[in-house]
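Listed below are the residues making up each chain.
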Amino acid sequence: MGGLWLWWIGEGQIEREAMEHVRLHVERAFRVPAAVWAGQARPQGTLDVRRKQHASGRMLEWLLREGPGEGRVLGMTDVDLFIPILTFVFGEAQLNGRAAVVSTARLSEPVLVDRRVLWERLAKEAVHELGHALGLTHCSRPECAMSRSAGLRDVDRKGGQLCADCRTLLDQAQDREPRT
Amino acid sequence: MMSEGTRVLVVDDEEIVRESLGGWLTQDGLAVEVAHDGPAALEKLRQGKWAIALVDLKMPGMDGIQVLQEARKLQPEAAVVIMTAYATVDTAVAAIKQGAYDYLVKPFDPEELSLMIQKILSQQKLVHENEVLRKALKREYGFHDVISKSPAMHQVFELARVAAPSSSTVLILGESGTGKEVLARAIHKESARKDAPFVAVSCAALTETLLESELFGHERGAFTGANARRKGKFEAAHGGTLFLDEIGDISPKLQVDLLRVLEERRIQRVGGNESVEVDVRIIAATNKDLRKEASEGRFREDLFYRLNVIAIHLPPLRERKEDVPLLVERFLETLAVELQKPIEGLSSEALTALLAHGWPGNVRELRNTLERGAVVAKGHIIQLADLGLAPPSAASVGPGGKVEPPSLDEVEKRHVIEVLSFTGGNVTQAARILGIDRVTLYNRMRRYQLRD
Ligand SMILES: Nc1ncnc2c1ncn2[C@@H]1O[C@H](COP(=O)(O)OP(=O)(O)O)[C@@H](O)[C@H]1O
Ligand SMILES: [Zn+2]
Ligand SMILES: [Zn+2]
């Protein structure tokens, strides 16, 4: 299915440990190697001045343009993401596509959380969005990483791995190449 | 969590809203469609069933409130959620009074949106399950449109179910209003002929010649007034079922004709000489004791035996009082729709009276009584007085506005009426209950003019 790339594109820095935590989760969930991409470019033209948030759709377009150009890329950021109708999103992905993005901005609410809690949430959302990029849609099992996370409560309730059904779907989709 | 294929309509004049909301909902496996304005939304609402409609409040032309009002009429089961900007929240709140499920302020909090959708869908699922359950229960209590929970009627249903698939003639016996025609229709619907016509003829309503041409048709000029050739009911029912109601009332000549048709499966139009083959299943019905009519020579025995292949007896309503509440519920449901009146039920007093009544006119009388009650009722509940059941009281208003109590005669008369109606007009039983002999009861009945 091609490689999976994790790329930090935030304004601040990410701890190496956090990145490693996410990487291991992703590898375990999809059973393929995941590598860190260390590109220095940062998203341009994604900020909505009025909302003071970044449009996640535009973020995906930017990732497709600037990313490794091979396999699938997950952009990870600390800026707040949105789609027009919602106040925010944790992340977004092209369904069965090459790009996905997640943000830590809303994962450390309501106040400062323990760093390991934040990493765990980030890993779950990373698996979730990459799952979309690999062709999975939402899953009705609340414990599955592919279940909808509309709020932090959903994120904390679910696990970071795929349920058996989603696994099967993924294996069936294995041979399919991503959309370009 | 979300039901596959549940249809959601997004109505907004802004493309970016339609796209981002539509996309977000699609991810949950919902079947989302979008409309860019009010008229387009109404078109979609007319075309199919929707679980949820998310409707923008401010749109050019027809606004969200107008769409809501139409949606309530077109699809009352669909939950309408109003989408509003912060500035117009008041209008959105007011929309709830007009039947909107709720409102959401743009941009939505994802959790709020998700919870609202889930709540709507789980409520709809519950309503749906209840309906299915209620329908299943009703089915258990019935055979097509005939409903009953009495054991005797369930034997009837069983017999009817067994008889239905064959083409055998069925004879339905029972007092007037016991449901002979609905049962005949049910047998037809249960049979392989269900897509062919069901044709009903009341044999008592017509003179011999008219009935003859009604049944067999006539050629042009067969008799005065026969200006054109006309097909009869036998031909009209070809491939299907012919219901001959009040078969006990047909003339001796028609009895002969009918017997021939049953034997030969061919008919001859009045005034014609060519015979036509007909494939018709006969269901006959009568409130007479046809066997007795036959044995006493008023009905041809050979015809009786032809008809009496499968005989089904419908018990009178007074022998299955347990059906009264069930029938009441069914009739009130249909009456509320027919009369466009929000009738919800009966007072317990009224129901008690219905249970005590003897129902000489059986289910038909019960239906008519309820119809009268539903028409007369002032509120949502039918009261005893609305039914017009009790005989008019002779009581008059006395001094001080108090109602003068009835005389001993009046009380006795009312009591006799009540007991007679309890026994369904059976004088012997009524006399036993009253503790008097039959002759005495007959005398009282004559005195109170309870007999015609
Ligand atoms: N068991 C029943 N369930 C529902 N409706 C009934 C039942 N029995 C009779 N009815 C209704 O009562 C009325 C009289 O029934 P009908 O079949 O015309 O009686 P009959 O032919 O015996 O005179 C009709 O409106 C019929 O629909
Ligand atoms: Zn998702
Ligand atoms: Zn799953």
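Within each chain, residues carry numbers counting from 1 in the order of the written sequence. In the order they appear in the text, chains get letters beginning with A and ligands get numbers beginning with 1. Given that the model is predicted, a residue must reach a pLDDT of at least 70 before its local features are reported, and side-chain atom pairs must reach 80 or more before they are shown or counted; all residues, however, enter totals for whole chains, interfaces and linings. Note that water and hydrogens are dropped before the side-chain values are worked out from all heavy atoms of the structure.

Student: Honestly, the coordination of the zinc ion (ligand 2) in this entry has me stumped. Any pointers?
Tutor: Ideal values for angles at a metal depend on the geometry: 109.5 degrees with four tetrahedral donors, 90 or 180 degrees with six octahedral donors. All names here are of chain A. In this analysis a donor is any N, O or S atom within 2.8 Å of a metal ion (3.2 Å for sodium, potassium and calcium), and since water is not included, sites may seem incomplete. Each protein donor to the zinc ion (ligand 2) is listed here as H128 (NE2), H132 (NE2) and H138 (NE2); together their distances run 1.9 to 2.1 Å. Counting the intervening residues between successive donors of the zinc ion (ligand 2) yields the motif H-x3-H-x5-H. Note that H128 is positioned in helix 3 (residues 115-133) and H138 in the loop between helix 3 and helix 4 (152-157), a separation of 10 residues in sequence. The rule is simple: take the accessible area with a 1.4 Å probe, protein chains only, and divide by the maximum for that residue type; under 20% is buried, over 50% is exposed, in between is partly exposed. Given a relative accessible area of 14%, H138 falls into the buried group. Counting from the N terminus, the helices are the DSSP runs of H or I reaching at least four residues and the strands are the DSSP runs of E reaching at least two.

Student: Just checking my understanding: could you explain the sheet that holds strand 3 (residues 52-56) of chain B for this structure?
Tutor: Whenever strands of a sheet pair, they do so through backbone hydrogen bonds, lying parallel or antiparallel. Residues and elements named next belong to chain B. Read from one edge of the open sheet, 5 strands run 2-1-3-4-5, paired in parallel fashion. Two strands lie at the open edges of the sheet, namely strand 2 (31-35) and strand 5 (102-105), each paired on one side alone. The mean inter-strand angle of the sheet, taken between neighbouring strand axes irrespective of direction, is 20°. A pair of strands is considered paired only if DSSP assigns at least 2 bridges between the two. Here strand 3 runs beside strand 4 (residues 79-84); their pairing, made up of 5 bridges, is parallel. Bridge assignment links I52 to a residue of strand 4, and that residue is A79. The contact criterion used is simple: two residues touch if any of their non-hydrogen atoms lie within 4.5 Å. Between the N-to-C directions of two axes lies an angle of 0 to 180 degrees, each axis being a line fitted to C-alpha atoms and, for a helix, fitted only over the stretch in contact. The strands touched by helix 1 (residues 15-26) within the sheet are strand 1 (7-11), strand 2, strand 3 and strand 4, with strand 2 carrying the most contacts at an inclination of about 165°.

Student: For this particular structure, what's the right way to read the side chain of H54 of chain A?
Tutor: All names here are of chain A. Here H54 lies in strand 4 (residues 53-55). Counting of polar contacts relies on pairs of N or O atoms within 3.5 Å, with two restrictions inside protein: one atom must be capable of donating a hydrogen and the other of accepting it, and residues adjacent in sequence are counted only when both atoms are side-chain atoms. Only 2.6 Å separates the side chain of H54 from the side chain of T46, close enough to count as a polar contact. With residues up to four places along the chain from it excluded, the contact list for H54 reads E11, T46, L47, M59, V79, D80, L81 and F82.

Student: Would you mind showing me how to read the pattern of salt bridges here?
Tutor: If charged atoms from side chains of opposite charge come close, those side chains can pair. Residues and elements named next belong to chain B. The term salt bridge refers to a side-chain nitrogen of Lys or Arg lying within 4 Å of a carboxyl oxygen of Asp or Glu. The full count for this structure, using the stated rule, is 40 salt bridges over all chains. Note that E70 is salt-bridged to K73, the shortest N-O span being 3.1 Å. Of this pair, E70 and K73 both sit in helix 3 (residues 64-74), 3 residues apart, roughly one helical turn. Salt bridges sharing common partners tie together E212, K253, D257 and R260.

Student: What should I look at first to understand the interface of chain B and chain A in this one?
Tutor: Think of interface size as the accessible area that goes away when the parts come together; that is how it is often given. Contacts between the two partners involve 16 residues from chain B, matched on the other side by 15 residues from chain A. Summed over both partners, the interface of chain B with chain A buries about 1500 Å², with 62% contributed by carbon and sulfur atoms. Counting the contacts that link chain B with chain A gives 2 salt bridges. Residue D28 of chain B pairs with R148 of chain A through a salt bridge whose shortest N-O separation is 2.9 Å. No other element matches helix 1 of chain B, which puts 5 residues into the side of chain B that touches chain A. The term buried area denotes the loss of accessible surface (1.4 Å probe radius) that occurs when two parts are joined, taken as the sum for both partners.

Student: Please clarify how the sheet that holds strand 6 (residues 81-82) of chain A should be interpreted in this entry.
Tutor: Residue and element names in this part refer to chain A. Taken together, the 3 strands give an open sheet; going across it, the order is 3-4-6, and neighbouring strands pair in mixed fashion. Looking at which strands have only one partner, the edges of the open sheet turn out to be strand 3 (47-48) and strand 6. In this structure, strand 4 lies alongside strand 6, joined through 2 bridges in parallel fashion. The residue bridging A55 from the neighbouring strand is F82, located in strand 6.

Student: How should the packing of aromatic side chains be read in this particular structure?
Tutor: Within a pair of aromatic rings, the relevant descriptors are the distance that separates the centres and the angle that separates the planes. Each aromatic pair joins two rings of Phe, Tyr and Trp (for Trp, the six-membered one) with centres within 6.5 Å, and gets the label stacked for planes under 30 degrees apart, edge-to-face for over 60, and tilted for any other angle. Counted by the stated rule, this structure contains 8 aromatic pairs over all chains. The interplanar angle of 75° and the centroid separation of 5.5 Å between the aromatic rings of W5 of chain A and W37 of chain A together place this pair among those described as edge-to-face. You can see W5 of chain A sitting in strand 1 (residues 4-8) and its partner W37 of chain A sitting in strand 2 (residues 34-37), a full 32 residues away along the chain. Ring geometry for W7 of chain A against W37 of chain A: centres 6.5 Å apart, planes inclined by 80°, an arrangement best described as edge-to-face. Placement of the pair is W7 of chain A in strand 1 and W37 of chain A in strand 2, with a sequence separation of 30 residues. We classify W7 of chain A as buried; its relative accessible area is 1%. Here a set of aromatic residues connected by ring pairs shows up, and it is made of W5, W7, W37 and W62 of chain A. Against the face of W24 of chain B rests R148 of chain A, its NZ or CZ located 3.4 Å from the ring centre. For a Lys NZ or an Arg CZ to count as sitting over a ring, it must be within 6 Å of the ring centre and within 35 degrees of the ring normal.

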